[in-house]
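Structural overview for review
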Amino acid sequence: MGHVFGRSNAQLPSAVRGEGCYIHDASGRAYLDGSGGAAVSCLGHSDPDVRAAIHAQLDQLAFAHTGFFTSEPAESLAELLIEHAPAGIDRVYLLSGGSEAVEAAIKLARQYFLETGEPQRHRVIARRQSYHGNTLGALAAGGNAWRREKYAPLLVETSHIAPCYEYRLRAEGESAEAYGLRAADELEAEIQRLGPETVMAFIAEPVVGATAGAVPAVEGYFKRIREICDRHGVLLILDEVMCGMGRTGTLFACEQDGISPDIVTIAKGLGAGYMPIGAMLCTAKIYTAIAEGSGAFQHGHTYHGHPLAAAAGRAVLTGILGRNLLPQVRARGEVLQAALTEALGQHPHVGDIRGRGLFRGIELVADRDGKTPFNPALKINAKVKRFAMDEGLICYPAGGTLDGQRGDHVLLAPPFIISEEQIGELVGKLSRAIDRALDGAIA
Ligand code: PLP
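Just so it is clear, the structure is predicted and the values come from calculations on it, not from any experiment.

Let us look at the packing of helix 4 (residues 98-115) against helix 10 (residues 284-291). It is the contact of helix 4 with helix 10, at a shortest axis distance of 9 Å, that shows an interaxial angle of 60°. The angle between helix 4 and helix 10 places the two elements in the oblique class. Handedness of the helix 4/helix 10 crossing: left-handed. Here helix 4 contributes Leu 108, Gln 111, Tyr 112 and Glu 115 to the contact with helix 10, which in turn contributes Ile 286, Ala 289 and Ile 290. Residues that form the contact of helix 4 with helix 10 fall into these classes: 5 nonpolar, 1 polar and 1 charged.

What surrounds the ligand is a group of 15 residues, the closest being Gly 97, Gly 98, Ser 99, Gly 133 and Val 241. Broken down by class, the residue content of the shell around the ligand amounts to 7 nonpolar, 6 polar and 2 charged.

One finds Ala 109, Phe 202, Ile 263, Ala 279, Met 280 and Ala 312 to be the most contacted residues of the largest nonpolar core, which totals 137 residues. Contacts of Met 280, omitting those with residues within four sequence positions, involve Tyr 93, Leu 95, Ala 101, Ala 104, Ala 105, Leu 108, Ile 263 and Thr 265.

A separate point is helix 8 (residues 176-194). Between the first and last C-alpha of helix 8 there are 28 Å, a value that for 19 residues agrees with the 27 Å anticipated at 1.5 Å per step. Here helix 8 has its buried residues at Gly 180, Ala 183, Ala 184, Leu 187 and Ile 191. Viewed along the axis of helix 8, the buried residues span an arc of 105°, placing them on a single side of the element. Turned more than 90 degrees from where helix 8 packs its buried face, Ala 189, Gln 192 and Arg 193 sit exposed. For helix 8, the elements touching its buried residues are strand 5 (123-127), strand 6 (159-161), helix 7 (166-169), strand 7 (199-204) and helix 9 (221-232).

This part takes up the environment of Met 242. For Met 242, the location among the structural elements is in the loop between strand 10 (235-239) and strand 11 (263-266). A tally of 31 C-beta atoms within 10 Å means that Met 242 is categorised as buried. Separated by 32 residues in sequence, Met 242 and Ala 210 have C-alpha atoms that sit 8.1 Å apart. Residues contacting Met 242, with those up to four places away along its chain left out, are Ala 39, Glu 205, Gly 209, Ala 210, Arg 247 and Lys 268.

Bringing the pairing of strand 16 (residues 409-412) into the picture now. Neither face of strand 16 is exposed, since His 409 and Leu 411 on one face and Val 410 and Leu 412 on the opposite face are all buried. Bridge count for strand 14 (residues 359-364) against strand 16 is 4 bridges, and the pairing is antiparallel. Considered in strand 16, the bridge of Arg 360 is made with Leu 412.

With that out of the way, let us pick up the sheet that holds strand 5. Strand pairing within a sheet occurs via backbone hydrogen bonds; the two strands may be parallel or antiparallel. An order of 4-12-11-10-7-5-6 is seen for the 7 strands of this open sheet, with the pairing classed as mixed. In this open sheet, the two edge strands, each paired with only one partner strand, are strand 4 (89-95) and strand 6. Ignoring strand direction, the axes of neighbouring strands in this sheet form an average angle of 20°. Across the sheet, helix 4 is in contact with strand 4, strand 5, strand 7, strand 10, strand 11 and strand 12 (278-283); its angle to strand 12 comes to roughly 25°.

Take the confidence of the model for the chain next. Interpretation of this model should avoid reading the predicted coordinates in detail wherever pLDDT is low. A residue-level look at the chain finds 99% of positions with pLDDT of 70 or above and a mean pLDDT of 96. Considering each helix and strand of the chain separately, the mean pLDDT is smallest for helix 6 (residues 145-148), with a value of 91, and largest for strand 10, with 99.

Let's shift gears to the packing of helix 8 against helix 9. One way to put it is that helix 8 packs onto helix 9 with a least axis distance of 8 Å and a crossing angle of 20°. In this view, helix 8 runs roughly parallel relative to helix 9, as classed from their interaxial angle. At the point where helix 8 passes helix 9, the crossing takes the right-handed sense. Packed against helix 8, whose contacting residues are Gly 180, Leu 181, Ala 183, Ala 184, Leu 187, Glu 188 and Ile 191, the element helix 9 presents Tyr 221, Arg 224, Ile 225, Ile 228 and His 232 at the interface. Per-class residue counts for the contact of helix 8 with helix 9 are 8 nonpolar, 2 polar and 2 charged.

How each quantity is defined
Residues numbered from 1 in each chain as written. Predicted model: local features only at pLDDT ≥ 70, side-chain atom pairs only at ≥ 80, totals over all residues. Axes fitted to C-alpha atoms, helices over the stretch in contact; angles between N-to-C directions. Helix = DSSP H or I, 4+ residues; strand = E, 2+ residues; numbered from the N terminus. Parallel < 35°, antiparallel > 145°, perpendicular 65-115°, else oblique. Left-handed = near helix turned anticlockwise from the far one by under 90°. Contact = placed C-beta atoms within 7 Å. Nonpolar A, V, L, I, M, F, W, Y, C, P; charged D, E, K, R; others polar. Near = placed C-beta within 6 Å. Core = buried A, V, L, I, M, F, W, Y, C linked by C-beta atoms within 7 Å. Buried ≥ 20, exposed ≤ 12 C-beta atoms within 10 Å, placed from the backbone. Expected span 1.5 Å × (residues − 1). Arc of directions from axis to C-beta. Pairing = 2+ DSSP bridges. pLDDT = per-residue confidence, 0-100.

This is the structure in structure tokens:
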């Protein structure tokens, strides 16, 4: 033991078994998976149908390189995704994770404009307090300065506009509708500033996850964003790596915003932790321009379209749809929101409790009235994570502030199969962990 290195040098418990909403460690302790890791384990652990599908595929064929073959699991997963995708989305490119999907989306956008005779379009506009992955292209798009700092010389320049973040950015007396339009109009201004003919794509998470703790846009924001992109011929890339695959109560989060993107990325919940898989989906317009232009998207990874991963993804998607879990996500999401509000709604250091479906965030603040963030040196969310583990709860310490520093949010994304009783257990453990973290930090 000890030769694996990872996110930190902390001594971590060794996970040995998963069952339903719990992970068990080598010492026999059980942890309620309140965040599905990082919004991954949407069907919980050890799902019998997904395990059976993986075993069956493994007995047939684990791998065939996509330079030589397509495969039935990849084709049928893509077909199923397209059947349920936002309007206009027509093609699927299968990858191994979220960062790969975002990289592919950015490259696809670039190739599209080369094929359509607009080679000057190369700029990406993204939003502050966003996360799109840790590979260089995706990291450049992400809106957290502290994540980019060390690698700055290696990153392409990307513009960042403000996110749609009602809790902090809606002005006193401003209606949600007016705020949404004002926030979206920042994109218009940035496109004008850069020169519309140079802008390739705008990328955003419909519900911001890892950096902001489940922040949905206000109604009308994304409709205005769609109009602005259309007006300037800019491609709209929606990153649903975290919020997609039913997490917010609809298969794609953008359904609730009433818009369709040109490109959408998914991962996490697609494999639900059973296999590493992600996907980048695009419209027929983009696919056809490339197919009828130079012939093919100039991209590829050894494991893209991996048959075993695709079989897992298909079983997960079939499980979400076939077991009718989306209404359950919406209903249990309301139960979770109500329980969090009851337990923490009046807490002097809980500024906001928000989200959609089983994707919920809690923003911790030093001062509730002034919404003042805690001093980052206190590392409140790291402490909440640690005390939650002590309590036997996994919750995700989402962190990011508008000025790009580390922030204090707790992200909850439990399995879709979580029971109401387990929601009570989650909220009880989380409340104790928050109190313990603040106790130590403030005293
Ligand atoms: N995009 C979003 C919105 C994410 O939340 C993440 C991961 O947290 C990624 C992309 C990167 O995905 P991965 O960690 O699978 O590379």
